[in-house]
Amino acid sequence: MTRREIGFEWALEGKRPGAHDDYELLSWSDDRLGPEVFEEIRSRYATGLSADLPQVTIAVAATRERERVSRHIVLAIQDWSGHRDATNRKIVYTRWFYVPYHDLAAHPVSYAALYHALAGLPVTPSPPLAVQVPEFDPTTGFGEEGVPGPDALSAAALLLTGRPVCVVGADSVPMIERLRFLDAVAALLPYGMRARLTAATWTSSTARHKIRLSFARHAPEDAYEVRWRHGAEITRRDSPAHVCLDLLTRSDVRLADLLRGLAGETEPLSFGPADRPMAVRLLERSGYPKLRPDSADEAEPEPRGTEETPDGGEPDHPVKRGTAAPASGAPDPPGREPAPERNDGDALPAGTSPPAGNARRLTLPVRSVLTWLGRGRGRGRSPAPGAPPDGTAAPTTPYRRTADEGPAPGAVPLSMQAALGGLEHADRGKQARSGRGPQAKVTVTVAFATLGITLIGLGVVALVRAPGGDPPTGPDVAEAQPGTVVIQAANRPEDAFATNVVAEVVRRSGYRFEIRRSDIPAAAAPVEKPAVVLIAGPDSALTGEPPQGFVQAGTIPVPSADVLVYDIGQITPEKLRAALKGQDKDVRVSLPDTDPELAEALKRRYPSLRLQPVPAQDPLRALRDKVVQAAVVPRTAGDGGYARVDGPDGLPGRTILAFYNEAALDVLHDALGRVAGSIDPGALASAEYDWPGKAAARVVGAVLPPGGPSVVSRAGERESDQGQDSLWLALVLIAAGGVAGFVALIVAIRGPSRFEPRP
Amino acid sequence: MQSEPSRGRPDHNISMWGAPGSGKTTLLAALFIALTRRNDDWKIVGSDPASSDYLIERTNALSRGKVFPEASMALERYHWTLIGPAPQKTGLWGRKAKPGPPARIGLGMFDAPGGLFGTGRRPAGGVGAPDGAGDPRRQELLDSLEQSRGIVFLFDPIREFTFGDAFDHMHAPLARLAERMLASGEFTDGKLPHHIAVCVTKFDDPRVLETAEKRRLLTVDLDDPYRLPRVASEDARELFHELCQVSASGNADMVLNALDQYFHPDRIRFFATSSIGFYVDRRTKRFDWDDFQNMVPGEADEDSRIRGQLHPINVVEPMLWLGQRLAAIRPSTEIS
Ligand SMILES: Nc1nc2c(ncn2[C@@H]2O[C@H](COP(=O)(O)OP(=O)(O)O)[C@@H](O)[C@H]2O)c(=O)[nH]1
Ligand SMILES: [Mg+2]
């Protein structure tokens, strides 16, 4: 792999050890950029402080020096400094690295590669300020599947609407994986958009931030929410996001070609209304490698990375020398169309339309989206006001599709369909309404009338065919339609979490569950019905063999059922941890005398602790009497207000093995394995593990989408419901038909002859 | 900056003011515990999922993890609702008593890094207004102040003793706020329209407690099972004044003057506050003058810890006072 040398400037934000003051810039490279730029950018792109460090923020900065705009991609790495301030709070260092965009345009690299190269540097790097970064391969970096997931696809498509996008449900995903996700999304956009893309692997849900593509626990009100591994619901087929999604998943384009094409588009592009049509065009054009040589003579300019032309006006206000530009890297303000953002004189290459000869191959309703994008503030057909006078950004010629062509089917290749997963759902209704032509009235009337007739017709057919509500009988139906998954678990309260996880997975897969408890779950499990058996892992004395016909679905880590609490007046947490590691021999710990198994396990694991049994009715007694410094207590008993050691530092956890039979495999697929694999025992213990139901819903929710209503399990009930259903269906259809007919009438009489586009 | 979009706009916005480390974030973190420890029926509920998360997590970290929050790096905003007890309405002739709807006070709370309130010294060669008005976060902070009608000003006597810069952290935002109020015509009678709760923080610190004791300002609430010493709100101003005398810069008195200049006297109230409260032995369940320190300062590379259970003092009171005063001025039903 070739490596590229990338130059950078840097600034360090933090506090001096023992400082009484707030975060400030401590030091910076004394090069072209001055401290004002660093100050402004660090303040503008503050994301809050995550408990889980390191985190990475990608910001952008544009400065103007002697009439030249220079753009930087800024990579900020937040990590603990190892120092503390005057009130003993840990000090975080944020290291801001500024990389000139034109270097990156000439030698594209990924965010992750840049991060790896920069993270290893000393906190105050000394010259020469350059790092070796492996060259960018746009076709890699899509995880195990090798193709972008539905989350990355929908994030990229939604970003092209101009609104910010927030990814939720990734709390327990490692930072580096989230950073790769940001790369994956960026790879689905023209490379030049990186000059304006701001992104972060973490943002505080209670801070207002200016990051366009963010991760957070809850999405901000003004942002599209994309669920990790699932994507977003983009369904209106005419919505711009949908069109972009279709462009990203065309069947006649190889993914690798598309990505390579996008990576080659290094001209800086903004997310503003003036540049978005261009971005969509580039998206549309990418992936037809054969066409590129032809289009070159259609005046497609080579990337002019090193040439900074004077800025055309206000687009992103690159400011006077040495000052940072305000946030056009930031998303549009909520609740309204972005303010008119004029095009950079240099951002739009002239004649970026592909040659007319290729128009045939462009089988997507791109025009509609271009029209929508260009129309942000104006009437449909005219070029967007922000477009340069030559009209390159206006949705004009080679693209114009004739009306009779209609929207093309969004054919999606098989591999992509798999990846698209849950994308095709109800619309979120956040897209702008598009204007309709003057014939709208006639069209709408006819449409409603047709709809009405069709619905009534269907309703009559359904009515005739309805079985009349007689519940049919027959045991064979029961076996044919299994709606319930049996969860066979041990009869122990400690297993509640694992049982809840499985139940939640079943529920979210659209099935009912039935929890059965027995002392030896393996022996009681049904074989023919879908069933999951939970068996204690090999670390427990209660472990056992799975029944015949069952295979392992996953290993569910479970924090210990006990916690260690201690009296902070008697022992410091550091000392206690050292004792648990066997480095301190003088620590006395009490434990309930009813659990000899636990006593044995602790003795084996921590030979240096001095264990002291106490009556289980009052496990805190010895601690209260200051006879011991720490006590093992069952979680359910509460910690009596003492401090506790939990999570990875605490008592050793256990594992529960989940096995399923073939029938369960058919309904759950690998959902259980995926969920089990995502559980981080450390995070779990600290995150309110004491409520197993909630904790289970949380871990499952991070991986699976919310479940639909579960399938009814009893066959008789089901059939009878079906009978009723079709009767109802018939009536509903007829009623809906009536309504549609009525609407048609109303529209015909008094509807406006034209729907005005949104002002 | 536009006002919050559709996400249920809180009725009343309150900003926390104070120097870095004065205890702003800890006070908010202790709010839930403080309310649960009271035996009237006030509750606090998050008005959006992120604000609920904060309450749950901070409460856990304080009460179980026994650790203080980390220093803030961004302007955080929380939306909470204080839900009060249902007032017992007496029916005609004192007959059937029908509970009325509980009082609800929607709070929007702003917690900023304390440095933003400072005079905004810039690194060498820095440009921009001397108070750093060009800084985007400062700008956001000022916007939040303008939206708020309640202020909780935290005065950290320990910091004042060492640095004496409380005045700096009050003066700059106050001057800016006054300027904006003047521009929007809300400075008509020469005072700001705001209510301000002045909290003397870290009351549990021996130096603070002893100052109050020397001035004979301590009282004990007989209803309090733990018999924790307190300073009544009427006396808190005197405690504040007393602590100003030991200010490192001697500027603390100016805080009092500034308060009187900018705020109506009946819109200022003083509180002697401790977010963590005093240590109380689990067996005796009584405050002990020989062993009351609840804060275990961390050594070298350790976190500062909270030793026992939290018994927040005057944490809810300033919020309730502000909430009730603001609700009286502008009932939550009114659309503004
Ligand atoms: N003794 C005592 N110390 C406190 C109290 N509240 C906060 N502190 C200390 O002050 C430090 C800073 O508090 P913090 O709330 O982060 O201050 P902020 O910067 O104003 O938000 C904490 O880390 C504690 O060490 C309190 O009620 N009592
Ligand atoms: Mg704080």
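Residues numbered from 1 in each chain as written. Chains lettered and ligands numbered in written order. Predicted model: local features only at pLDDT ≥ 70, side-chain atom pairs only at ≥ 80, totals over all residues. Heavy atoms only, no water.

Along its length, chain B carries 10 helices and 13 strands. Looking at chain B as a whole, 56% of its 336 residues qualify as buried. The long-range share in chain B, meaning contacts at least 24 apart out of those at least 6 apart in sequence, stands at 76%. In the structure as shown, chain B presents an accessible area of about 14,500 Å², 52% of it carried by carbon and sulfur atoms. (Helix = DSSP H or I, 4+ residues; strand = E, 2+ residues; numbered from the N terminus. Buried < 20%, exposed > 50% of the residue type's maximum accessible area, 1.4 Å probe, protein only. Contact = heavy atoms within 4.5 Å. Areas by Shrake-Rupley, 256 points an atom, 1.4 Å probe, with all protein chains shown as cover.)

Right, let's get into the overall build of chain A. Check the secondary structure of chain A and you find 23 helices and 21 strands. Relative to its 759 residues, chain A shows a buried fraction of 54%. Long-range pairs, those at least 24 residues apart, make up 77% of the contacts in chain A between residues at least 6 apart in sequence. For chain A, the exposed area adds up to about 32,500 Å²; of that, 55% sits on carbon and sulfur atoms.

The subject of this paragraph is the site of ligand 1. Around ligand 1 sit 17 residues in total, of which R89(A), G21(B), T25(B), T26(B) and D204(B) are the nearest. Among the chains of the assembly, those with residues near ligand 1 are chains A and B. Contacts to ligand 1 include G23(B), whose backbone N or O atom sits 3.0 Å from an oxygen atom. The separation between an oxygen atom of ligand 1 and a polar side-chain atom of T26(B) is 2.5 Å. About the coverage of ligand 1: the protein hides 96% of its 580 Å² of free accessible area. A total of three residues in the shell around ligand 1 trace back to one element, the largest contributor, which is helix α1 (residues 24–29) of chain B. Along the lines of polarity and charge, the residues of the shell around ligand 1 split into five nonpolar, eight polar and four charged. (Near = heavy atom within 4 Å. Polar contact = N/O pair within 3.5 Å; in protein donor to acceptor, adjacent residues only side chain to side chain. Nonpolar A, V, L, I, M, F, W, Y, C, P; charged D, E, K, R; others polar.)

Moving on, we come to the side chain of R194(A). Relative to the helices and strands, R194(A) is located in the loop between α5 (175–187) and β9 (199–200). Contacts of R194(A), omitting those with residues within four sequence positions, involve V60(A), I73(A), Y101(A), V109(A), S110(A), Y111(A), F136(A), D183(A), A186(A) and A187(A).

Residues and elements named next belong to chain B. At 2.0 to 2.3 Å from the magnesium ion (ligand 2) lie its protein donor atoms, namely T25 (OG1) and S72 (OG). Highlighted residues: T25 in helix α1 and S72 in the loop between α3 (49–65) and β3 (76–83), separated in sequence by 47 residues. Note on accessibility: T25 and S72 belong to one class, buried. (Donors = N, O, S within 2.8 Å, 3.2 Å for Na, K, Ca; no water.)

Listed by partner, the interface residues are 58 residues for chain A and 61 residues for chain B. Counting each side, the surface lost to burial between chain A and chain B is near 4,900 Å², with a carbon and sulfur contribution of 46%. A per-residue breakdown of the area chain A buries against chain B is headed by T206(A), R208(A) and I568(A), which together make up 15% of the total. Our count for the chain A to chain B interface comes out at six salt bridges. Of the charged contacts, one joins E70(B) and K90(A) as a salt bridge, the two residues approaching to 3.4 Å between their closest N and O atoms. (Buried area = accessible area lost by both parts, 1.4 Å probe. Salt bridge = Lys/Arg side-chain N within 4 Å of Asp/Glu carboxyl O.)

Residues and elements named next belong to chain B. Taken together, seven strands build an open sheet; the order of strands is β2-β3-β6-β1-β7-β8-β11 and the sheet is mixed. The open sheet terminates on both sides in strands that have one partner only, identified here as β2 (43–46) and β11 (268–272). Taking each pair of neighbouring strands and ignoring which way they run, the sheet shows an average axis angle of 25°. Sheet analysis places strand β1 (residues 12–18) next to strand β7 (residues 150–155), joined by five bridges and oriented parallel. Paired with G18 across the strands is L154, a residue of β7. Strand contacts of helix α4 (residues 136–147): β1, β3 and β6 (104–111), with the helix running at about 130° to β1, the strand carrying the most contacts. Of the strands in this sheet, β1, β3, β6, β7, β8 (195–200) and β11 touch helix α10 (residues 316–329), which is tilted by about 175° from β8. (Pairing = 2+ DSSP bridges. Axes fitted to C-alpha atoms, helices over the stretch in contact; angles between N-to-C directions.)

Right, let's get into the confidence of the model for chain B. All names here are of chain B. Here chain B averages 82 in pLDDT, and 86% of its residues register 70 or above. The secondary structure element of chain B with the lowest average pLDDT is strand β4 (residues 88–89), at 60, and the one with the highest is β11, at 95. When the criterion is pLDDT under 50, residues 122–133 qualifies, and its contacts beyond four places in sequence or with other chains add up to 21 contacts. Low pLDDT, under 50, characterises residues 332–336; the stretch is placed with four contacts to residues that sit more than four places away or in other chains. (pLDDT = per-residue confidence, 0-100.)

Before going further, it helps to examine the packing of helix α14 (residues 496–508) of chain A against helix α20 (residues 671–678) of chain A. All names here are of chain A. Two numbers describe how α14 lies on α20: the axes approach to 10 Å, and their chain directions differ by 135°. Taken together, the axis directions place α14 and α20 in an arrangement best described as oblique. Helix-helix and strand crossings are classified by hand; for α14 and α20 the assignment is right-handed. Counting all contacts with α14, which are made through V501, V502 and V505, the residues of α20 involved are A671, L672 and V675. Taken together, the residues of the contact of α14 with α20 break down into six nonpolar, no polar and no charged. (Parallel < 35°, antiparallel > 145°, perpendicular 65-115°, else oblique. Left-handed = near helix turned anticlockwise from the far one by under 90°.)

This next bit is on the sheet that holds strand β20 (residues 643–645) of chain A. Residues and elements named next belong to chain A. One open sheet accounts for five strands, arranged β18-β17-β19-β16-β20; its pairing is mixed. Lying at the two open borders of the sheet, with one neighbouring strand each, are β18 (610–614) and β20. On average, adjacent strands in this sheet sit at an angle of 35° to one another, irrespective of strand direction. Across two bridges, strand β17 (residues 588–592) lies against strand β19 (residues 630–634) in parallel orientation. Across the sheet, the residue bridging to S590 is A631, located in β19.

What follows concerns the nonpolar core. Within soluble globular proteins, side chains that are nonpolar generally end up buried alongside one another. Grouped together as the largest cluster of nonpolar side chains are 91 residues, with contacts concentrated most on F181(A) and L213(A). A total of eight residues in this core trace back to one element, the largest contributor, which is α5(A). Discounting chain neighbours no more than four positions away, the residues touching L213(A) are A155(A), L159(A), V165(A), V167(A), L182(A), V185(A), L197(A), T198(A), A199(A) and A200(A). Counting residues in hydrophobic clusters, the runner-up holds 51 residues, among them F110(B), F187(B), F240(B) and F287(B). (Core = buried A, V, L, I, M, F, W, Y, C linked by side-chain atoms within 4.5 Å.)

Turning our eyes to something else, we now look at the pattern of salt bridges. Residues and elements named next belong to chain A. This structure, assessed with the given rule, holds 38 salt bridges over all chains. Across the salt bridge formed by R217 and D171, the nearest N and O atoms sit 3.0 Å from each other. You can see R217 sitting in the loop between β10 (213–215) and β11 (224–227) and its partner D171 sitting in the loop between β8 (165–168) and α5, a full 46 residues away along the chain. For D171, a relative accessible area of 43% translates into the label partly exposed.

Glancing now at unusual backbone geometry. P54(A) follows L53(A) through a cis peptide bond whose omega is 0°. Mapped onto the elements, P54(A) comes out in the loop between α1 (35–44) and β4 (55–65). A cis amide bond, omega 0°, links P127(A) with the succeeding residue P128(A). Even without glycine at this site, R229(A) takes up a positive phi of about 70°. Looking at where R229(A) falls in the secondary structure, it is placed in the loop between β11 and α6 (240–248). Here the phi dihedral of K66(B) falls at roughly 60°; this positive angle occurs in a residue that is not glycine. Here K66(B) shows up in the loop between α3 and β3.

This paragraph deals with the confidence of the model for chain A. All names here are of chain A. Per-residue pLDDT for chain A averages 71, and the proportion of residues at 70 or more is 66%. For residues 291–329, every residue scores under 50 in pLDDT, and the model assigns this stretch 96 contacts once sequence neighbours within four places are set aside. The model gives residues 708–724 a pLDDT under 50, and that stretch makes 27 contacts with residues more than four places away or in other chains.

Most of helix α3 (residues 111–119) of chain A is tucked away: seven of the nine residues are buried. Looking only at α3(A), the buried set comprises Y111(A), A112(A), A113(A), L114(A), Y115(A), A117(A) and L118(A).

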